[in-house]
Amino acid sequence: MNCMEWVNWKNKENRMPRNETYDPSSPPAQLPRKFTHWTPASRGILVLVVLVVLVPLWFWFFCRIEPGPGEIAVLIHKTGQDLPSGAIMATEPDQKGIRLEVLPEGRYFRNPYSWGWEIKPITDIPAGKVCVQTRLYGQDLPPGKIIAEEGNKGIMADVLRPGKYRINPYAYQVRLFDAINIRAGSVGVVDSQIGLDALNDSLPTEQRNQFLVAKGMKGVLPEVLDPGTYYLNPYLYTVAEVNLQSQRFELSGEDAIMFLTMDGFTVNVEGTIEFALNRDKAALLTHRVGDMDDIVRKVIMPRARGFSRLEGSKNPAINYIGGETRQKFQDSLEVHLREKCKEWGVAIKSVLIRNIIVPEEIASIIREREVAVQNAKKFEQQIAQARSKAELTRQETLAEQNREKVTAETARIRAVIAASQEQEVRTIAAKKDFEVAKLDNDAAAFQAAAILLKAGAERDVIRLNNKAQADVFAAQAKAFGTGLNYARYIFYQRVGPHIKHVVSSDESGGWGALFQPLLPAAREGGAK
C-alpha cells in the first residue's frame, strides 16, 4: 500500500456511517474516567510530548519522499481542480492529477493529504543506442502528421543519446533503437520520411519527379553520411549503408561474355572486373539503380557485353588465341567501361581478361602450332644459352689469363722495384762506408803522423835526457878522476847503508870476486 492509498483508507475509516446523522444538541461523548482527573498542566505536557515526538515521527514516516540513486519520484496532486476531459497530466499548479515534473534523487517532504507519489527508475540509455520519446499528453496530431510538435502528443523529433535521463513514465513513452554506425570505407544514404512529397503538384516543376530531393522534402537526400556513429530518429530518417571499397566481379560461368567472331565462331571471355562507387553519386546510384548486384547487372554488364559483341565481330576467331589481340581487346574494353560507367558514378579500376575460349577445332590446330612455335623458341633459347655459356667460358678464360698476366707483371714490377730499392740502399751504404773509410784513412794518417811526431819528440827528449845524464855522469866521473871511482862512489852510497854482514872466502874465484874491483884495495894491489 503506497502513501496515497493509505491516506484514502484512513479518510474512509474516519468518515461517519451513512445511516447516522449528526445532532448538535446531543451531549458530547464522555471521555474515559482516567482522562477526567488530568490537570491542565498534565494535558499541556501531553500535547507537548505529542508535538515533539509524534509529529516528527509522523513527518518522517508519512511525509518523507526519498528517491535513491538511479530513481525518481512521480508526484500526484490529490486536491484541486479536476483535469479537462481527455487530459492525463496536471500541467497547472491548482490541478489535481499526475504532475509533469519529477523529483530527482534526494530527500523531500510532502503532505500526504494533498500529495501522493511513486518511485520509478530513471531512463538509462546504453552506449550504441538512441532513445525516441512519444509524448502521451497534449492535443491529437493533425491528419497526415507523424511527428508531434509542441503541444501535441505523439512521436517527438528530438532523440536522446546514451546517458541517464529523468523522464516521467506517465508523460512520455520511451523506445530504444540501435544507433546508426557507418563503417570505414562506406557511406550512408539518407532517406527522409517526412517533408514535402516530390510528387506534389504544388512544387516547382524542376523539383518534381526527381530521384533526389532537397532538404525538407520526403525522399532520398543527395548528402551522404561519412563513416562514424549517428543518432538519428528512425521515424524521421532511414539510412542505407553503401560500400565504397573496390569490388570484384568474376566473368565466369553464366556471367562470362559470349560473342560471335567475324567467321561465325562463338568465343567466351572469362576475366575479372574491379570497380568502386563514386561517393558524390552514391545516393543517386543506389536509389536509381539498386544495390551492388543491381549495379553490376544493370550498369556494368550490359555495356561490357555490348562492347564485346561489337569489337569481337571485327576479328576472326584465330586472332583471339594470340596474345596481342587479347591484350588489345582487354585494353579497349577497360577504356570503354570507364567512359560509359563514369557518368553513372561507377569507377572502373581494372579489367583483366584471364581466358578467351575459342572452339576446339580451331584451338587444337592453333595449339599445336603454338606448341611447335614454343618448342622452336625453346630450342633457340637452348642454343642461345649454349652460345652464351661458351662465350662466358671464353670470357672467364680470358679473364683468368689476364688476371695471371697482371699478377706476373705485378710481381715483376715489384721485383724490379725491390731490386732498384736494394741497389739504391746498397749504393748509399757503400758510399757511406767509402766516406767513412776515407775519413778513417785520413784520421789514421793524421794519427800516424801524430805518433811519428810524438815518437820523434819522445826520442829527442830521451836523447836529450840521456845526453844530459851522460854529461852529468861525465862531469861527475871527471870530478872523481875515473869512472870506476864514480861507480864505486855510487855503489857505496846506495848499497853500503844496506850491508850488515859480508860473508867471503879466501878464494880468488869465489862470489866475493864480484865486488873486488870496487874494493879500495884493488887500487893498491888486491886484498888479503
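Residues numbered from 1 in each chain as written. Predicted model: local features only at pLDDT ≥ 70, side-chain atom pairs only at ≥ 80, totals over all residues. Heavy atoms only, no water.

### A word on the nonpolar core
Moving on, step 1. Of all hydrophobic cores here, the largest spans 37 residues; its most connected members are Leu333, Val346 and Ile348.
Moving on, step 2. Broken down by element, this core gets its largest block of residues, 7 residues, from helix α5 (residues 292-312).
Moving on, step 3. By size, the runner-up hydrophobic cluster in this structure holds 15 residues, among which are Ile76, Cys131, Tyr137 and Ile167. (Core = buried A, V, L, I, M, F, W, Y, C linked by side-chain atoms within 4.5 Å. Buried < 20%, exposed > 50% of the residue type's maximum accessible area, 1.4 Å probe, protein only. Helix = DSSP H or I, 4+ residues; strand = E, 2+ residues; numbered from the N terminus.)

### A look at the environment of Ala477
Moving on, step 1. As for its position among the elements, Ala477 is in helix α7 (residues 360-480).
Moving on, step 2. Once the C-alpha coordinates of Ala477 and Ala487 are considered, the two residues, 10 residues apart in sequence, prove to be 8.2 Å apart.
Moving on, step 3. Aside from chain neighbours lying at most four places away, what touches Ala477 is Thr482, Gly483 and Tyr486. (Contact = heavy atoms within 4.5 Å.)

### Observations regarding the pattern of salt bridges
Moving on, step 1. Under the criterion given, the structure shown has 22 salt bridges.
Moving on, step 2. Its salt-bridge partner being Asp178, residue Lys129 comes within 2.4 Å of it at the nearest N-O pair. Linking Lys129 in strand β8 (residues 129-135) with Asp178 in strand β12 (residues 172-178), this pair joins segments that are 49 residues apart in sequence.
Moving on, step 3. When the shortest N-O distance is used, the salt bridge between Arg297 and Asp293 registers 3.6 Å. Residue Arg297 and its partner Asp293 are located together in helix α5, separated by 4 residues, close to a single helical turn.
Moving on, step 4. One connected set of salt bridges, linked through shared partners, spans Arg64, Glu66 and Arg107. (Salt bridge = Lys/Arg side-chain N within 4 Å of Asp/Glu carboxyl O.)

### Re the sheet that holds strand β3 (residues 89-90)
Moving on, step 1. Taken in spatial order, the 4 strands of this open sheet run β3-β4-β2-β6, and their pairing is mixed. At either end of the open sheet lies a strand with only one pairing partner, and these are β3 and β6 (115-121). (Pairing = 2+ DSSP bridges.)

### Considerations on the packing of aromatic side chains
Moving on, step 1. In the structure shown here, the tally under the stated rule is 4 aromatic pairs.
Moving on, step 2. Seen in terms of ring centroids, Tyr137 and Tyr172 are 5.9 Å apart; in terms of plane orientation they differ by 75°. Their pairing is edge-to-face. Taken together, the residues Tyr137 in the loop between β8 and β9 (147-148) and Tyr172 in strand β12 connect sequence positions 35 residues apart. An identical accessibility class is assigned to Tyr137 and Tyr172; each is buried.
Moving on, step 3. Ring geometry for Phe307 and Phe329: centres 6.4 Å apart, planes at 35°, overall tilted. Here Phe329 lies in helix α6 (residues 323-342) and Phe307 lies in helix α5, a separation of 22 residues in the sequence. The burial state of Phe307 is the same as that of Phe329; both residues are buried. (Phe/Tyr/Trp six-rings, centres within 6.5 Å; stacked < 30°, edge-to-face > 60°.)

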